[in-house]
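Examination of the molecular architecture
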Amino acid sequence: MSRVYITDTILRDAHQSLIATRMRTEDMLPVCEKLDEVGFWSLEVWGGATFDACVRFLKEDPWERLHKLRHALPNTRLQMLLRGQNLLGYRHYSDDVVREFVRLAAREGIDVFRIFDALNDVRNLRVAIDAVKEHGKHAQGTLCYTVSPVHTVAMYLEQARDMVDMGADSIAIKDMAGLLRPSETARLGKVLRDHLDVPLFLHCHATAGLAEMCQLKAVESGCAHIDTAISAFAGGTSHPPTESMVVALHGTPYDTGLDLGLLQEISAYFAGIRKKYAQFESEFTGVDTRVQVNQVPGGMMSNLAKQLEEQGALHRIHEVFEEIPRVRRDLGFPPLVTPTSQIVGTQAVLNVLTGERYKTITNEVKRYLQGGYGHPPAPVDEAVRRKAIGQEAVIDVRPADLLKPELESLKAEIGDLAECDTDVMIYAMFPEVGKAFLSERKAGVLKPEPLISPLTVAAPSPVAERIAPTEFKVSVHGETYDVQITGANLDSQRNRRFYITLDGVPQEVDLEVLSGFSRTVGAGGRPIASKPGDVVTSMPGNIVDILVSEGDRVAAGDGVLVTEAMKMETQIQAPISGTVVAIHVRKGDRVNPNETLMEIEP
Ligand code: MN
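Basis of the calculations
- Numbers given for residues are sequential positions, taken from 1 along each chain in its written order.
- Per-residue local features are limited, in this predicted model, to residues with pLDDT of at least 70; the limit for side-chain atom pairs, both in listing and counting, is 80 or more; totals at the level of whole chains, interfaces and linings are taken over all residues.
- Side-chain calculation: all heavy atoms of the structure are included, whereas hydrogens and water are not.
- Note that water is not among the atoms used; donors are N, O and S atoms within 2.8 Å of the metal (3.2 Å for Na, K and Ca), so sites may look incomplete.
- Numbering of helices and strands runs from the N terminus, with a helix taken as a DSSP run of H or I at least four residues long and a strand as a DSSP run of E at least two residues long.
- In this scheme, a residue with accessible area under 20% of its type's maximum is buried, one over 50% is exposed, and one in between is partly exposed, where area comes from a 1.4 Å probe on protein chains only.
- Contact between two residues is taken to exist if any of their heavy atoms lie within 4.5 Å; hydrogens are not considered.
- Note on geometry: axes are lines fitted to C-alpha atoms, helical ones only across the stretch in contact, with angles between N-to-C directions running from 0 to 180 degrees.
- When the near helix sits turned anticlockwise from the far one by under a right angle, the crossing is termed left-handed; a clockwise turn instead gives a right-handed crossing.
- For this scheme, ten residues count as nonpolar: Ala, Val, Leu, Ile, Met, Phe, Trp, Tyr, Cys and Pro. Four count as charged, namely Asp, Glu, Lys and Arg, and the remainder, Gly too, count as polar.
- Definitions used throughout: a 1 Å grid over protein atoms alone; a cavity as a set of points that fits a 1.4 Å probe which cannot get out; a pocket as an open set with protein on both sides within 12 Å along at least five of seven lines; a lining residue as one with an atom within 4 Å of a point.
- Grid points are joined across faces, edges and corners, and a volume is the space filled by probe spheres set on the points.
- Any two strands between which DSSP finds at least two bridges are classified as paired.
- Look down the strands so they point away from you; if the path from the first strand over the helix to the second goes clockwise, the crossover is right-handed.
- Small angles under 35 degrees read as roughly parallel and large ones over 145 as roughly antiparallel, with 65 to 115 read as roughly perpendicular and the rest as oblique.
- Here, nonpolar core refers to any group of buried Ala, Val, Leu, Ile, Met, Phe, Trp, Tyr and Cys residues whose side-chain atoms link them within 4.5 Å.
- Note that a disulfide, as used here, is simply two cysteine sulfur atoms within 2.5 Å.
- Should a side-chain nitrogen of Lys or Arg be within 4 Å of a carboxyl oxygen of Asp or Glu, the pair is scored as a salt bridge.
- When the centres of two rings from Phe, Tyr and Trp lie within 6.5 Å, Trp using its six-membered ring, the rings pair. Their planes under 30 degrees apart give stacked, over 60 give edge-to-face, and anything left gives tilted.
- Given a helix with a known number of residues, its expected span is that number minus one, times 1.5 Å.
- To get the bend at any residue, fit one axis to the seven residues that end at it and another to the seven that begin at it, then take the angle between the two axes.

1. Description of the coordination of the manganese ion
Note on the manganese ion: its protein donors are Asp13 (OD), His203 (NE2) and His205 (NE2). The metal-donor distances range over 2.0 to 2.2 Å. Read N to C, the donor residues that coordinate the manganese ion are spaced as D-x189-H-x1-H. Here His205 lies in the loop between strand 7 (200-204) and helix 10 (211-220) and Asp13 lies in helix 1 (residues 13-18), a separation of 192 residues in the sequence. Pair check on accessibility: Asp13 and His205 agree, each one buried.

Shown next as structure tokens:
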């Protein structure tokens, strides 16, 4: 029996890769009956980014989404992507939290857990695999595929064997970046097929235009499971189109048996849905073979592009892409997948935007170099490590071995805001954003981020006399939103025009015109940096900590603020020695480059 089975990614990775994970549950449910009829081996529906986007942007309870999908898809296995000991968050959790999370996900409807560790450090999969087995679900061990001098077929086989020994029911090759080449896929697939007794799955991205060929080669070498995406959300940094693979295999010994007509109906539905999310469209929807050089996965490309665009630095993305392989080498060639893609990506952005490599080092890079994520695949650059952690010791044990049980303390911290056990996990995964979500829900003020098309503008909110407005009330689909146009967007190459009504007179406002007004006061009301002692951030982000008070003496290089950008924390250092004379930020403030966050006088 050589039939090929399809896992469709439309409800998770496809929209994560192409529209920044913004698809809402309301756009999934109407087509679930048809999706359930197809006979997919599984539907991938859940993962770290979908959970994050639900809480952060869509203001949906991700558990409620899962619950609804479970009921709407009674006949199809539901699959999720789990970051091993990191679960769906960005740090290592204690074993009791890992077990609790898996218990709840299994209870709420997940059948198949695809479990990976960004470094392929199999020690970080053990507890999750164990927990999945305990609840009688399918535990899939995952090899994060990358290319480096140390990543050989023999290394992948050894890692896969360790996962099977731990109890994995199947093995997935996860090529998150589109790095696989057809002949390499055949070679790797054959070796794994010949030496393992469990089913083999292939998850590969279409970024470089090679994915369909890789899948065909994999199928021919004995891989019976492939991941595809309904064609309306296929290609680019997403996956091979489901319909095309169904056609390609039809009438061969590998026939999927799926109904092409039904798939086409589903695709027509999603083609309509995609238009609604035009503002989130990835810059990379065609074929981009640069990934074969810079090894940047699709999701990471669109995130970096969005991040750079926010500060008008999109034109520097190619420098960032060139810096990424260098940072990766310094860090011992980690595969680029969450969280290592953010760790490497953010550091590369800092190395480019600050104009000096490792002038600023994120806290996550420090933790990584200390062994806090597990064993890097190859030795790290010692000079960079010393610069990051000084003489501090490097740990060699499984990082979670150093963690005490924390489930009870998490429950205590979130207290009454958590109305049920799944609420605790929302907080555990995203302490700040999750807590804000739960508070807003309690207050009944949850509001999804607006979709900006079609756009109509009502009256502006009161603005200071003779200063161009930066705050608007914008009504979209009948709902009114307070919108701030931040200074960071003013230099964007995109020609954005807003139509506003001032004193009853509609007028077109060109953002270039507004930029003239932002030279002395930024959008956050903070002065634009002009003196050597003005503390600024190199990336837009949020203030997570303020390390000094007014009147404190600081030396150049002392940490004064901690910001979070792209989910990575960065310490901002005093540019000069002197006295802190003014602090213009509070915890939680959104800040942009060029704004003075703090003033230090010599
Ligand atoms: Mn993927």
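What follows continues from the structure just given.
2. Some words on the side chain of Asn363
Relative to the assigned elements, Asn363 resides in helix 17 (residues 363-369). When residues no more than four places from it in sequence are discounted, the contact partners of Asn363 are Val562, Glu569 and Gln571.

3. Concerning the packing of helix 6 (residues 95-108) against helix 7 (residues 126-134)
At their nearest, the axes of helix 6 and helix 7 sit 9 Å apart, and the two run at 35° to each other. Considering how the two elements wind past one another, helix 6 and helix 7 form a crossing that is right-handed. Contacts from Asp95, Val98, Arg99 and Val102 in helix 6 reach Val127, Ala128, Asp130, Ala131, Val132 and Glu134 in helix 7. Tallied by class, the residues present in the contact of helix 6 with helix 7 amount to six nonpolar, no polar and four charged.

4. Observations concerning empty space enclosed by the protein
Tallied over the entire structure, the rule returns two cavities of 30 Å³ or more. Put simply, the largest cavity is a space of about 50 Å³. Taken together, Arg83, Asn86, His92, Phe116, Asp117, Ala118, Leu119, Thr338, Pro339 and Tyr373 make up the lining of the largest cavity. Of the residues that constitute the lining of the largest cavity, the class distribution is five nonpolar, three polar and two charged.

5. Quick word on the environment of Lys435
Along the chain, Lys435 turns up in helix 21 (residues 431-443). Sequence-wise, Lys435 and Ile414 are 21 residues apart; in three dimensions their C-alpha atoms are separated by 7.4 Å. Apart from the residues within four sequence positions on either side, Lys435 is in contact with Ile414, Leu417, Tyr427 and Phe430.

6. With respect to the pairing of strand 3 (residues 77-82)
Buried residues dominate strand 3, accounting for five of its six residues. The pairing of strand 2 (residues 42-46) with strand 3 spans four bridges and is classified as parallel. The residue of strand 3 that forms the bridge with Trp46 is Met80. Direction of pairing for strand 3 relative to strand 4 (residues 112-115): parallel, over a ladder of four bridges. Its bridge partner lying in strand 4, Gln79 is registered against Val112. Remark: the strand 3/helix 6/strand 4 crossover connection has right-handed handedness.

7. Here's the deal with the packing of helix 11 (residues 242-249) against helix 12 (residues 260-276)
The packing of two helices is summarised by the inter-axis angle and the distance between the axes. One can describe the packing of helix 11 onto helix 12 by two numbers: an axis separation of 10 Å at closest approach and a directional angle of 165°. As far as their axial angle goes, helix 12 and helix 11 are roughly antiparallel. Two packed elements cross with a definite hand, and for helix 11 against helix 12 that hand is left-handed. Contacts between helix 11 and helix 12 involve Thr242, Glu243, Val246 and Val247 from the first element and Leu260, Leu263, Gln264 and Ser267 from the second. Looking at side-chain class alone, the contact of helix 11 with helix 12 contains four nonpolar, three polar and one charged residues.

8. What about the nonpolar core?
Among soluble globular proteins, nonpolar side chains are generally buried collectively. Core analysis: the biggest nonpolar cluster contains 147 residues, and Trp46, Phe101 and Phe270 have the highest contact counts within it. Ranked by the residues each element gives to this core, the list is headed by helix 6, at seven residues. Sequence-distant contacts of Phe270, defined by excluding residues within four places in its chain, comprise Ile10, Leu11, Met23, Asp27, Val31, Leu35, Ile230, Ala232 and Phe233. Listed in part, the 15 residues of the second largest apolar core include Ile543, Val548, Ile576 and Val591.

9. What about the state of the cysteines?
Should the sulfur atoms of two cysteines be covalently bonded, the bond is a disulfide. Throughout the structure, instances matching the rule amount to zero disulfides. No disulfide involves Cys204; its nearest neighbouring cysteine sulfur is the one of Cys214, lying 5.4 Å away.

10. Re the pattern of salt bridges
Applying the stated criterion to the full structure yields 44 salt bridges. Put simply, Lys59 and Glu440 hold a salt bridge, and the shortest N to O gap is 3.6 Å. Of this pair, Lys59 sits in the loop between helix 4 (48-58) and helix 5 (62-72) while Glu440 sits in helix 21, placing them 381 residues apart in sequence. Residue classification places Glu440 among the partly exposed positions, given a relative accessible area of 25%. Between Glu134 and Arg99 there is a salt bridge, and its shortest N-O distance comes to 3.4 Å.

11. Some words on the packing of aromatic side chains
Under the definition given, this model contains 13 aromatic pairs. On the basis of an interplanar angle of 35° and a centroid distance of 6.0 Å, the ring pair of Phe51 and Phe430 is categorised as tilted. Here Phe430 lies in the loop between helix 20 (421-429) and helix 21 and Phe51 lies in helix 4, a separation of 379 residues in the sequence. Its relative accessible area of 0% is what places Phe51 among the buried residues.

12. Regarding the sheet that holds strand 21 (residues 598-601)
What links the strands of a sheet is backbone hydrogen bonding, and the strands pair in either a parallel or an antiparallel sense. A sheet is described by the order of its strands in space; here four strands give the open sequence 14-21-19-16, paired in antiparallel fashion. At either margin of the open sheet sits one strand with a lone partner, and together these are strand 14 (534-535) and strand 16 (553-554). Sheet topology places strand 14 next to strand 21; two bridges connect them, and they run antiparallel. Bridge pairing links Val535 to Met598 in strand 21.

13. Quick look at the environment of Val554
Mapped onto the secondary structure, Val554 falls in strand 16. For Val554 and Glu601, which are 47 residues apart along the polypeptide, the C-alpha to C-alpha distance reads 9.9 Å.

14. Overview of helix 15 (residues 317-330)
Helix length check: helix 15, at 14 residues, gives a terminal C-alpha distance of 20 Å against a target of 20 Å (1.5 Å per residue), a fit within 8%. Approximately 25° is the largest bend angle found in helix 15, and it occurs at Glu323, with the proline Pro325 only one to four residues beyond. Buried residues of helix 15: Ile317, Val320, Phe321, Glu323, Ile324, Val327, Arg328 and Asp330, and no others. Remark: Gly332 follows helix 15 within two positions and exhibits a positive phi of approximately 80°.

15. Remarks on the pairing of strand 21
Summarising the sheet, strand 19 (residues 578-583) and strand 21 pair through four bridges and their orientation is antiparallel. Bridging from a neighbouring strand, Val580 pairs with Ile600 of strand 21.

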